Amino acid sequence: MAGVHAAGVPAAGGPAAGGAALRGTGLYRTHRRGREEVHALRGVDVAVAPGEVVALLGRSGSGKTTLLHCLVGWERPDRGEVTVPGARSPGEADWSTLAVVPQRLGLLDELTLADNVAMPARLAGAPDPRAAALAGLEQLGLGALADRLPDEVSLGEQQRTALARALVLRPAFLVADEPTGRLDQELSVHVLGVLRACADTGTGVLVASHDPLVVAAADRVVRLSDGRVVGAGDGGDAAGGQPARSAG
Ligand SMILES: Nc1ncnc2c1ncn2[C@@H]1O[C@H](COP(=O)(O)OP(=O)(O)OP(=O)(O)O)[C@@H](O)[C@H]1O
């Protein structure tokens, strides 16, 4: 039976207690387009432990986004189970437990970058959301743009804003869909350094990407093809022998 299960109790705002992994087991997901069925996931197992960076690789259409959506509860698998350590109730992980950088970013057009980033902290009733948002924007090199609207900054700046928003509650797990897709190499390395720093404080990070820099920065890679896991290994090794933590 498909479902999302709570497991364990989180440290407040921090990584899941006890080292439990974010996990998808035996996931199947079929999209329907009229009469056509697209088998986006065909029995995928994936796990992300606290403190590790896992790169999710695969060609366009291989099922990466569908898998991420199932893990965060935006899509329901037809079969299989998702386990979110620290979720308060099935299907209701908040952004201190499991935060997302969606492929389409989802910034609110009428809010400044600072207010977008502060939003999860405001909704969670965290102290001083604006200060937390400004610190996050600063960390991603966007401090000077805090009071601009999303359509007054570049796509790459919007992308980093979405990452700052995902990190504002110091989530136990972070799931990011192509977080360097709109960035040049220098900024990609910077962003990957931020992700590594998060992992070093205990956050489990899953990054769907086509970017070789992400592979080089990952501890592990999981490769999808046509809705199945077809390979897994060390990040640095998969990138051609570069050290897994070179982008930190
Ligand atoms: N809502 C949908 N309705 C119908 N088909 C869909 C839907 N979403 C995804 N698909 C199909 O499911 C398959 C997997 O798509 P998915 O977006 O998960 O792949 P992806 O690996 O993330 O691709 P990309 O790297 O291009 O983002 C593709 O064939 C895609 O066309």
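Before reading on, note that the structure itself is shown above.
Residues numbered from 1 in each chain as written. Predicted model: local features only at pLDDT ≥ 70, side-chain atom pairs only at ≥ 80, totals over all residues.

Peer 1: I'm lost on the overall build of the chain in this one. Help?
Peer 2: A tally of regular secondary structure across the chain gives seven helices and 10 strands. For the chain, buried positions account for 50% of its 248 residues. Sequence separation of 24 or more characterises 69% of the internal contacts of the chain that already satisfy a separation of 6 or more. (Helix = DSSP H or I, 4+ residues; strand = E, 2+ residues; numbered from the N terminus. Buried ≥ 20, exposed ≤ 12 C-beta atoms within 10 Å, placed from the backbone. Contact = placed C-beta atoms within 7 Å.)

Peer 1: I'm lost on helix α2 (residues 113-123) in this one. Help?
Peer 2: Owing to its 3.6 residues per turn, the α-helix brings residues three or four apart onto one side. Looking at α2, one finds that the buried residues are Leu113, Ala114, Asn116, Val117, Ala118, Pro120 and Ala121. Close packing links the buried residues of α2 with α3 (129-139) and α4 (155-167). Positive phi appears at glycine 125, one or two residues downstream of α2, with a value of about 70°.

Peer 1: Could you clarify how one ought to interpret the site of the ligand in this entry?
Peer 2: The immediate surroundings of the ligand are formed by His31, Arg33, Val38, Ala40, Gly58, Ser60, Gly61, Ser62, Gly63, Lys64, Thr65 and Thr66. Elements with a contribution of two residues or more to the shell around the ligand: β2 (22-33), β3 (36-48) and α1 (64-72). For the shell around the ligand, the element with the highest residue contribution is α1, accounting for three residues. Per-class residue counts for the shell around the ligand are two nonpolar, eight polar and two charged. (Near = placed C-beta within 6 Å. Nonpolar A, V, L, I, M, F, W, Y, C, P; charged D, E, K, R; others polar.)

Peer 1: Hey, could you run me through unusual backbone geometry in this one?
Peer 2: Trans is the common state for peptide bonds, and a negative phi is the common state for residues other than glycine. Non-glycine residue aspartate 128 carries a positive phi angle of around 50°. Within the fold, aspartate 128 resides in the loop between α2 and α3. Of note in the backbone geometry, glutamate 178 takes a positive phi value of approximately 55° without being a glycine. Relative to the helices and strands, glutamate 178 is located in the loop between β7 (173-177) and α5 (185-200).

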